[in-house]
Amino acid sequence: MKEKTQVADIDRSMYDFRNEDKDAYRIENGLTEEIVLKLSEEKGDPEWVREFRLKSLKLYNEIPVPDWGPDISGLNMDEIVTYVRPNTDMKTDWKDVPDEIKDTFEKLGIPQAEVKSLAGVGAQYDSELVYHNVRKDVEEQGVIYTDFESAVKGEYGDMVREHFMKLIPPTMHKFAALHGAVWSGGSFVYVPKGVKVAIPLQSYFRLNAPGAGQFEHTLIIVDEGADLHFIEGCSAPKYNVANLHAGAVEIYVKKGARCRYSTIENWSKNMYNLNTKVARVEEGGSIEWISGSFGSHISYLYPTSDLVGEGARSDFTGIAFANTDQNLDTGCKVAHRAPNTSSYVNTRSISKGGGVNTFRSSVYVAPNAKGSKCAVSCTSLMLDSESRSDTIPAMDIRTSECDVGHEAKIGRISDETVFYLMSRGLSEDEAKALIVSGFADSVSKELPLEYAVEMNNLIRLEMIGAIG
Amino acid sequence: MALLEIKGLKVSVEDKEILHGIDLSVGAGETHVIMGPNGAGKSTLGFAIMGSPEYEKTDGTVSFDGEDITEESTDKIAKKGIFLSFQNPVEVPGVTLSSFIRNALEQVTGERIRLWDFKKKLAKAMEALDMDPSYAERDLNVGFSGGEKKKAEILQLLMLRPSLAILDETDSGLDVDAVRTVSAGIEAYKKDVGGALLIITHSTKILEALDVDRVHVIVDGKNACEGGRELVDNINENGFEQFVK
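Throughout this description, residue numbers start from 1 for each chain and increase along the sequence as written. Lettering of chains starts at A and numbering of ligands starts at 1, both following the order in which they are written. Under the rules for a predicted model, residues below a pLDDT of 70 receive no local features and side-chain atom pairs below 80 are neither given nor counted, while totals for whole chains, interfaces and linings still include all residues. The side-chain quantities take in all heavy atoms of the structure and omit both hydrogens and water.

### Topic: the layout of surface pockets
Here the largest pocket defines a volume of roughly 1,200 Å³. Method remark: on a 1 Å grid restricted to protein atoms, a set of points is classed as a cavity if a 1.4 Å probe fits but cannot get out and as a pocket if it is open with protein on both sides within 12 Å along at least five of seven lines; lining residues have an atom within 4 Å of a point. Residue lining of the largest pocket: 34 residues in total, with Leu434(A), Asn456(A), Ser99(B), Arg102(B) and Asn103(B) positioned closest to the centre. The way it works is that DSSP assigns letters per residue, a run of H or I at least four long becomes a helix, a run of E at least two long becomes a strand, and they are numbered from the N terminus. Every element with two or more residues in the lining of the largest pocket is listed here: α11 (428-439), α12 (441-444) and α13 (449-463) of chain A together with β7 (92-96), α3 (97-109) and α4 (115-128) of chain B. When residues in the lining of the largest pocket are grouped by element, the largest group, 7 residues, is from α3(B). Grid points are joined across faces, edges and corners, and a volume is the space filled by probe spheres set on the points.

### Notes on the interface of chain A and chain B
When the parts of a complex come together, some accessible area is lost, and that lost area is often taken as the interface size. On the chain B side, the residues contacting the 19 residues of chain A number 36 residues. Summing both partners gives a buried area of about 2,100 Å² for chain A against chain B, and 67% of it is carried by carbon and sulfur. What counts as a salt bridge is simple: a side-chain nitrogen of Lys or Arg found within 4 Å of a carboxyl oxygen of Asp or Glu. Counting across the chain A and chain B interface gives 1 salt bridge. Between Glu153(B) and Arg424(A) there is a salt bridge; the shortest N-O distance is 2.6 Å. For the purposes of these results, a polar contact is taken to be a pair of N or O atoms within 3.5 Å, where, inside protein, one atom must be able to donate a hydrogen and its partner to accept one; residues adjacent in sequence count only when each atom of the pair is a side-chain atom. On the surface where chain A and chain B come into contact, there are 6 residue pairs in polar contact (both at pLDDT 80 or more). Those elements that provide at least two residues to the side of chain A that touches chain B are α10 (415-422) and α11 of chain A. If one sorts the elements of the side of chain A that touches chain B by residue count, α10(A) sits on top with 7 residues. We call Asp, Glu, Lys and Arg charged. Ala, Val, Leu, Ile, Met, Phe, Trp, Tyr, Cys and Pro are nonpolar, and the rest, Gly among them, are polar. By residue class, the composition of the side of chain A that touches chain B is 8 nonpolar, 6 polar and 5 charged. By definition, residues are in contact when any of their heavy atoms lie within 4.5 Å. Summed over both partners, the accessible area (1.4 Å probe) lost when two parts come together is defined as the buried area.

### Side note on the sheet that holds strand β12 (residues 222-227) of chain B
Residues and elements named next belong to chain B. Pairing between two strands is assigned when DSSP locates at least 2 bridges connecting them. In space, the 6 strands of this open sheet follow the order β6-β9-β10-β3-β11-β12, with mixed pairing throughout. Looking at the sheet topology across the chains shown, the edges are occupied by β6 (82-85) and β12. Within this sheet the neighbouring strands show an average axis-to-axis angle of 20 degrees, counted without direction. Pairing analysis gives 4 bridges linking strand β3 (residues 31-35) to strand β11 (residues 214-219), with the strands arranged parallel. By the bridge assignment for β11, Ile34 is matched with His216. To obtain an axis, a line is fitted to C-alpha atoms, over the contacting stretch when the element is a helix, and the angle between two such axes runs from 0 to 180 degrees between their N-to-C directions. Helix α5 (residues 146-160) contacts β6 and β9 (164-168) of the sheet and is inclined by roughly 170 degrees relative to β6. Contacts between helix α6 (residues 176-193) and the sheet are confined to β3, β9 and β10 (196-200), with β10 contributing the most and set at about 155 degrees to the helix.

### Re the packing of aromatic side chains
Pairing of aromatic side chains here covers Phe, Tyr and the six-membered ring of Trp, requires ring centres within 6.5 Å, and sorts the geometry by plane angle: under 30 degrees stacked, over 60 edge-to-face, intermediate tilted. For the coordinates displayed, the defined rule picks out 24 aromatic pairs over all chains. An aromatic cluster is built from Phe419(A), Tyr420(A), Phe47(B), Tyr55(B), Phe86(B) and Phe100(B), whose rings are joined through pairwise contacts. Geometrically, a charge over a ring is one whose NZ (Lys) or CZ (Arg) sits within 6 Å of the ring centre while staying within 35 degrees of the ring normal. For Lys174(A), the ring lying beneath its charged end belongs to Tyr60(A), and the centroid distance is 4.1 Å. One cation-aromatic arrangement involves Arg138(B) over Tyr135(B); the distance from NZ or CZ to the ring centre is 4.5 Å.

### Topic: the side chain of His217(A)
Residue and element names in this part refer to chain A. For His217, the location among the structural elements is in strand β9 (residues 217-222). Exposure remark for His217: the relative accessible area of 0% places this residue in the buried category. Within the structure, His217 has its side chain in polar contact with the side chain of Glu250 (distance 2.7 Å). Whether a residue is buried, partly exposed or exposed follows from its accessible area with a 1.4 Å probe, protein chains only, as a fraction of its type maximum: under 20%, in between, or over 50%, in that order.

### Examining unusual backbone geometry
Residue and element names in this part refer to chain B. Despite not being glycine, Glu14 shows a phi value in the positive range, around 45 degrees. The topology assignment puts Glu14 in the loop between β1 (4-13) and β2 (16-26). Residue class for Glu14 comes out exposed when judged on its relative accessible area of 76%. With a phi angle near 50 degrees, Glu169 is a residue other than glycine that sits in the positive phi range. Of note, Glu169 is situated in the loop between β9 and α6. Residue Glu169 is classed as buried on the basis of its relative accessible area, which comes to 5%.

### A closer look at the confidence of the model for chain A
Every residue is assigned a pLDDT by the predictor, reflecting its confidence on a scale from 0 to 100. The predicted model of chain A has a mean per-residue pLDDT of 91, with 96% of residues at 70 or higher. Overall, residues 1-10 of chain A carries pLDDT values under 50, and its contacts beyond four positions in sequence, including any with other chains, amount to 27 contacts.

### Brief notes about the sheet that holds β1(B)
All names here are of chain B. Strand order in the open sheet formed by 4 strands is β2-β1-β4-β5, with antiparallel pairing between adjacent strands. Lying at the two open borders of the sheet, with one neighbouring strand each, are β2 and β5 (67-68). Packing of helix α1 (residues 42-49) onto the sheet brings it into contact with β1, β2 and β4 (55-64), and relative to β1 it is tilted by some 110 degrees.

### Quick notes on empty space enclosed by the protein
All names here are of chain A. All chains considered together, the criterion is met by 1 cavity of 30 Å³ or more. In this structure, the largest cavity encloses a volume near 140 Å³. Contributing to the lining of the largest cavity are 16 residues, with Gly318, Ile319, Ala320, Thr330 and Gly331 lying nearest its centre. Mapped by element, the contributors of at least two residues to the lining of the largest cavity are β16 (286-293), β19 (313-322), β20 (327-336), β21 (342-351) and β22 (356-365). Sorting elements by how many residues they give to the lining of the largest cavity places β19 first, with 4 residues. Of the residues that constitute the lining of the largest cavity, the class distribution is 6 nonpolar, 9 polar and 1 charged.

### A closer look at the pairing of β16(A)
All names here are of chain A. With respect to burial, β16 is a largely interior element, 8 of its 8 residues being buried. Alignment of strand β13 (residues 258-266) against β16, held across 8 bridges, turns out to be parallel. Bridged to Glu265 within β16 is Ser293.

### Topic: the packing of α3(B) against α4(B)
Residue and element names in this part refer to chain B. Look at α3 against α4: their axes get within 11 Å of each other, and the N-to-C directions meet at 115 degrees. When the interaxial angle is binned, α3 and α4 end up roughly perpendicular. You can see that α3 and α4 cross each other, and the crossing is right-handed. On α4, the residues that touch Ser98, Ile101, Arg102 and Leu105 of α3 are Leu115, Phe118 and Leu122. When grouped by side-chain class, the residues that make up the contact of α3 with α4 number 5 nonpolar, 1 polar and 1 charged. Small angles under 35 degrees read as roughly parallel and large ones over 145 as roughly antiparallel, with 65 to 115 read as roughly perpendicular and the rest as oblique. Each helix crossing is assigned a hand: it is left-handed if the near helix lies turned anticlockwise from the far helix by less than a right angle, otherwise right-handed if that turn is clockwise.

Below you can see the structure in the form of structure tokens.
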């Protein structure tokens, strides 16, 4: 078995390969009205989208940088390239995707997973989708799964316009405004009433260009009584310049519908991941967030559930692994705005080699949300004394007729456990990796098998520096 | 040449010397018993052989199979073929008993093991130990009763097939039925693997069904007396007072 023992020397070659920057079109660095207009023209936006971009840009310039989270002064928008179009248009057959790009996704296992276990796949390379396909039987159920550009311009244009950036308005925060100005790519999903999509859809976002930003927009509408599992994957090779990801995910869960949204995020460690995700859940509907945060230099990520209908439910299961030079500010927000709504938050965080994890939760229970329940639980594991782990819960409860609980635990790996595992032949690194995988088990068992395996591999990568 | 050869071993825990020069020699396939009153340093000897970093060897040597393992790390010692059954097995949440044993087996043998073959072997070993098959998919030792924890230790012993097994108070805290099952597991190890045993105990229940080659009495961190099986009967009758100077 080939194993590296130097924990510091992490072999990320599995994710770190990069292709030469042979993009067909690359907009100049920075962010001005001129650049936004050029981007809009390049993309052939309809009028309303162009107006929206300009309005958002104005907001972006007005809204200050958040002053409460990790330092993002290393991110200079004048140096970020907001639009990089790959050297191809979108294909529906992997055979037609240029070899170099196809190789990238093959190394990441996307076409293979599509054959085995997915109902549809979208693959974005830098700013645009290069591949999109959905299984025929799923299409025949009436499920719409397309790239976002076609959705804006196509027969669902009105539906898109009606929902686009309504849950995440550009006024929400600076990076929502940025997204509104320069968004490109992403997916649109519509699941008609009562349709249950038996196997997941997946979009994968790969950022290859150095110094670029990725701003994909994902809009999912799960109509009444329908059921969907959507998987988002992301990765990028490492560069010495800052890259930025400011995507937006908006999910509408209608009456009695269910949506499960799983993410395994593995950005490279020069990435600023300032992503925003919001779900609005109607009566009796449920949203399930599964969130794995492994990469990025800095993350701000708090999937939000807006429970607006009676009996709506939100489940959040998350894990964050912060290693050297990583500051991950993650968590979730829930707003209970109707009676008998419920939310469950279960997160795990692991800090190693000076990495910083902050778990932020925000729970709001409106005066009318009587009979609602909320349980927040967060457990942190610190692998050494130079690492850091903080928990910042915020609760705003406006009715006494509800049940809200919060618990937080911070622990370390005990020497006794390591010795026990070593006495069975595991090296010290192996033993610690196994303990950490066990710690993450409550999250990995929520994932489809392939992704649970990927998550375990990522843990091993961080713990040992090799994949066994 | 003895399989395990300990010479003049001194061991300290947090700068306090617990073992003051122990000598011990165990031949391949032999069964040795270490007895002694509470606090004599019996468990310390087991942990020290296994290379626990908390137990500092200040003098003397431990050799196994002709190699000096005094300064060797715990995992290397395990890979050479020594197994320590813990008195208090540790709980590891999120790691199933089955996946852990498979992982350990792959580490020890250095080979990938086919899941199907592994599952068959595991099921057979669990049956021999009268363990409910559902335990294979439960988290390692989490929520196991005292008896189930000890059975899980013996299960690992049967699966990992070491050439020397050190059993630290494996019979303590077990009811009569559990002692019988655990004893049967130890017999199976002797029979199938033919390995040597070093049994640390202060009672003698577990020894009833075993052929004992040698008994060592340790008192106050020193060898106090050594003999054959008859020493067990002597201790049963007269206790350890006779060895305390």
